[in-house]
Amino acid sequence: MAQASLKIDLDAVVANWRALDARSGEATRTSAVVKADSYGLGASKVAPALYRAGAREFFVALAEEGAKLRPHLGPEARIFVLGGHMAGDAPLIREAGLIPMLNSPEQMARHLDALPDAPFGVQLDTGMNRLGMEDDAWQEAAPVLLDRGIELVMSHLACADEPEHEMNAQQLAEFKRMTDGMAVKRSLAATGGILLGPDYHFDLTRPGIGLYGGRPFEAALGVATLSLPVIQTRVVQPGETVGYGNTWQAERITTMATIAAGYADGIHRVLSNITDLYAGDIPCPLRGRVSMDLLTVDVTDLDEVPDTLDLIGPSQGVDALADIAGTIGYEILTALGPRYNRVYSEQAG
Ligand SMILES: *Cc1c(COP(=O)(O)O)cnc(C)c1O
């Protein structure tokens, strides 16, 4: 048990996708956002499980991600690239049959020039000012692009995790103004947008974090369990200190377990001295600093030291850990590094 293991419950991913699909309504298809290796959980396993469950549209950030994903999916899968068509992407887009979401007049020119017969979508900016064609460029480009056949027009909401935020209605109105009456499939909602209700659903929704058990989909099933092996235990006497910088000092006779994972594995150093790991449902405080490859955990109150302690799991979900670290579940998941042994469970098969 040398290597830390990241257990991924594919049945829970599928159940979360089905639950979001049910909320998306009859007329709306539900895709799966699997960028950043399915938020760190492994796109080569997660995406095929969703394909088996009926998902046919997948979103990645980069053409490279799409090309890596393609062999794992069946022939009906459509893989959309959110970053669009970047310089040098044409061979990957062609060979892997990817659908770039064109984000600018430059990308449009590049795509039509390099791959005039290859499918494409368009991403519009409706106020987030991050990625997508601006209104004036879109007005100019739309006739040409519509004539060629656009697979999908989409935009992205900046504040969808705050249902009361006025930005949601503003972006919805802007998206409609830019696309109403056009013969093209439309998509606006990620996880947060699905929960805003049917006005936001259009033809296709794009959930990511909700599939992986994170907020704002509060009803999501937990997907990830991060179990970290104990390398060694020692007894620390009152007055002794633990770890770099002596940031923790024992006040009682303490049994300290040293754990084989650290910030190089995505365990944020800011968690030093402020989080618990779990033996089942019993909390064991992380003492001292998070090191690159090691953690030190107070297991004094356990009857028996287990082989592993959980940092993420049923007793402490991804969002609970994110709250302690002062970040979001997305960052906790995507930071989980390549050293974990990713173990997949799937009943449905
Ligand atoms: C990441 C992303 C999504 C998925 O968002 P979640 O909040 O994880 O559901 C959807 N659309 C775009 C454009 C994205 O960048």
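Cut-offs used in this document
Residues numbered from 1 in each chain as written. Predicted model: local features only at pLDDT ≥ 70, side-chain atom pairs only at ≥ 80, totals over all residues. Heavy atoms only, no water. Helix = DSSP H or I, 4+ residues; strand = E, 2+ residues; numbered from the N terminus. Expected span 1.5 Å × (residues − 1). Bend = angle between axes of the 7 residues up to and from the residue. Contact = heavy atoms within 4.5 Å. Near = heavy atom within 4 Å. Areas by Shrake-Rupley, 256 points an atom, 1.4 Å probe, with all protein chains shown as cover. Nonpolar A, V, L, I, M, F, W, Y, C, P; charged D, E, K, R; others polar. UniProt positions renumbered as here; feature names shortened; annotations may be inferred. Buried < 20%, exposed > 50% of the residue type's maximum accessible area, 1.4 Å probe, protein only. Axes fitted to C-alpha atoms, helices over the stretch in contact; angles between N-to-C directions. Parallel < 35°, antiparallel > 145°, perpendicular 65-115°, else oblique. Left-handed = near helix turned anticlockwise from the far one by under 90°.

For the protein, the name recorded in an unreviewed UniProt entry is Alanine racemase, with Thioclava pacifica DSM 10166 as its organism.

> Mind showing me how you'd approach helix α7 (residues 135–148) here?
An α-helical turn contains 3.6 residues, so a residue and the one three or four places further along point in the same direction. In this model, α7 (14 residues) spans 19 Å end to end at C-alpha, consistent with the 20 Å of a helix rising 1.5 Å per residue. The largest bend in α7 amounts to roughly 50 degrees and is located at A141, with the proline P143 lying one to four residues further along. Close packing links the buried residues of α7 with α6 (105–114), β7 (121–123), β8 (153–154) and α8 (166–179). Among the residues trailing α7, G149 stands out with phi positive, at a value near 100 degrees.

> I keep staring at the site of the ligand and nothing clicks. Help me out?
In the vicinity of the ligand lie 15 residues, with K35, Y39, T191, I209 and Y330 positioned nearest. For the ligand, whose accessible area on its own is 390 Å², the fraction buried by protein is 91%. Per-class residue counts for the shell around the ligand are 8 nonpolar, 4 polar and 3 charged.

> Would you explain the UniProt feature "binding site: substrate" (unreviewed entry) in the protein in this entry?
This chain's UniProt record puts "binding site: substrate" (unreviewed entry) on R130 and M292. A maximum C-alpha distance of 33.3 Å shows the annotated residues, which cover 163 residues in sequence, to be distributed over more than one spot. Given the relative accessible area of 55%, R130 is considered exposed. R130 has contacts with D125 and H156, leaving out every residue within four places of it along the chain. By the element assignment, M292 lies in the loop between β16 (282–285) and β17 (295–298). On the basis of relative accessibility, which here comes to 43%, the residue M292 falls in the partly exposed class.

> Looking at this model, I keep getting lost on the packing of helix α1 (residues 10–24) against helix α3 (residues 43–53). Mind explaining?
Two quantities define a packed helix pair, namely the angle between the axes and the distance from one axis to the other. Across the interface, α1 lies against α3 with an axial gap of 10 Å and an inter-helix angle of 50 degrees. The orientation of α1 with respect to α3, classified from their angle, is oblique. Crossing of α1 against α3: the hand is right-handed. Contacts from L10, V13, V14, W17 and R18 of α1 reach α3 at K45, V46, A49, L50 and A53. When its residues are assigned to classes, the contact of α1 with α3 shows 8 nonpolar, no polar and 2 charged.

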